[in-house]
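Per-entry structural report
What follows is each chain in one-letter form.
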Amino acid sequence: MKPRFLRSLTLLAGAASLLSSCGNLHQDSNKIRIGLECAYIPFNWVSDSGANDFTLPIANHAGSYADGYDIQIAKRLSKELGKEVEIVQTNWESLITDLQMNSIDAIIAGMTDTETRRLQISFTDEYYRSELVLVTSASVASRYEGTVSVEEFGALVSGQNIVSQIATVTDDVIDTFASEYGARHVTPVATFALAAQDVINGSAFAMTAELPVATSICGKLNGLGIVHFDQEVLGEAKSELGVSIGVRKNDEQLRNDINGVLAKISAKEREELMAASVSRSGGAQ
């Protein structure tokens, strides 16, 4: 999920709020423009397979198509609400601003509903919840079967470099690892793929990621493995492992409509959709 946490997007919030509170929220009432980065496997990515039953065209990149769990949720919204869905690829850091400025109508991008973000936009109910794990070298991961206890976790990460993607909840939790368990929070990097490379080249002992993301990474890159740990390690951050859909603060009708669709998707079906997305992305659960 990318449970992700934007630390500061407040400068434009006031002006954007004024803009979004005036006039019709949607340029086309029969269309929902969905923003995502198309670079967060298995939630969303640019597909090499072109047009098929699992993909949607990327409106601002002609000839490109997006796939992933987020795309399957977007497809469900389109079907249930009877509206065309338009996928807009944008940078992760600009998603909230894009939403506030009416460039998109919703964010479906593995974003966590946090108190800070809630000051700027509204969120639907969760559409996925996962487990946070460590991605380490395969040789390290092979020593840990099952779930590592809180005590074992401290011994595992003490004095070790831990990395993740910048401006994400998975990066924020490393602060807890540093203060409570003696880990070293190294400078975050631009993408999870780069974090994985840091683990491979040895500049980081481990990276933090949600389980579906970790599974896809380990399915694509040799020499990596997953360590599961007691989620009590996360403290208060444990509540931030769910992801929700972001909408503008004054767009309660869309929020309610989306919640109605999400309520129809069972936990079992969500896991099946995610497993299929992991499989298509090249990973294997």
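Above: the structure in question.
Residues numbered from 1 in each chain as written. Predicted model: local features only at pLDDT ≥ 70, side-chain atom pairs only at ≥ 80, totals over all residues. Heavy atoms only, no water.

Some details on the sheet that holds strand E8 (residues 122–129)
Spelled out, the test is: By the convention used here, strands pair only if DSSP detects at least 2 bridges between them. What counts as a helix is a DSSP run of H or I of at least four residues, what counts as a strand is a run of E of at least two, and both are numbered from the N terminus. Angles here are taken between N-to-C directions and fall from 0 to 180 degrees, while the axes themselves are lines fitted to C-alpha atoms, restricted in helices to the stretch in contact. For this analysis, residues touch if any pair of their heavy atoms sits within 4.5 Å.
Taking strand neighbours across the sheet as the criterion, the five strands line up as E6-E1-E7-E15-E8 in an open arrangement whose pairing is mixed. Each edge of the open sheet carries a strand with a single partner, namely strand E6 (84–89) and E8. On average, each strand axis in the sheet is tilted by 25° relative to the strand beside it, whichever way the strands run. Sheet analysis places strand E1 (residues 31–36) next to E6, joined by six bridges and oriented parallel. Bridge pairing in E6 places Ile34 opposite Ile87. Taken strand by strand, helix H10 (residues 252–262) contacts E1, E8 and strand E15 (242–247), and its axis lies near 20° from that of E8.

Re the sheet that holds strand E3 (residues 44–46)
Strand order across the open sheet formed by four strands is E2-E3-E5-E4, with antiparallel pairing between neighbours. Of all the strands in the sheet, the pair left with one neighbour each is strand E2 (39–40) and strand E4 (56–57). Bridge analysis of E2 against E3 gives two bridges, and the strand direction is antiparallel. Along E3, the bridge assignment pairs Tyr40 with Asn44.

Some thoughts on the layout of surface pockets
Where we set the bar: Within this scheme a cavity is a closed region of a 1 Å grid, computed over the protein atoms alone, that accommodates a 1.4 Å probe without allowing it to escape, whereas a pocket is open but has protein on both sides within 12 Å along at least five of seven lines; lining residues each have an atom within 4 Å of a point. Grid points are joined across faces, edges and corners, and a volume is the space filled by probe spheres set on the points. Each residue is assigned to one of three groups, with Ala, Val, Leu, Ile, Met, Phe, Trp, Tyr, Cys and Pro labelled nonpolar, Asp, Glu, Lys and Arg labelled charged, and all others, Gly among them, labelled polar.
Of the voids in this model, the largest pocket is the one considered here, and its volume is about 210 Å³. Lining the largest pocket are Ala39, Tyr40, Ile41, Thr191, Phe192, Ala193, Val213, Ser216, Ile217, Lys220 and Leu221. Counting residues per element, the ones that place at least two in the lining of the largest pocket are E2, helix H8 (192–201) and helix H9 (211–220). Ranked by the residues each element gives to the lining of the largest pocket, the list is headed by H9, at four residues. Partitioned by chemical class, the residues of the lining of the largest pocket number eight nonpolar, two polar and one charged.

Some words on the pattern of salt bridges
Counted only if it meets this: Here a salt bridge means any side-chain nitrogen of Lys or Arg lying within 4 Å of a carboxyl oxygen belonging to Asp or Glu. Here the term buried applies to any residue with accessible area under 20% of the maximum for its type, exposed to any over 50%, and partly exposed to those in between, with areas from a 1.4 Å probe on protein chains only.
Inspection of the entire model under this criterion finds ten salt bridges. Salt-bridge contacts for Arg118 lead to Asp113; the nearest nitrogen and oxygen are separated by 2.8 Å. A salt bridge links Glu126 to Arg129, with the nearest nitrogen and oxygen atoms 2.6 Å apart. The class for Glu126 is partly exposed, based on a relative accessible area of 31%. For Arg129, a relative accessible area of 37% puts it in the partly exposed group.

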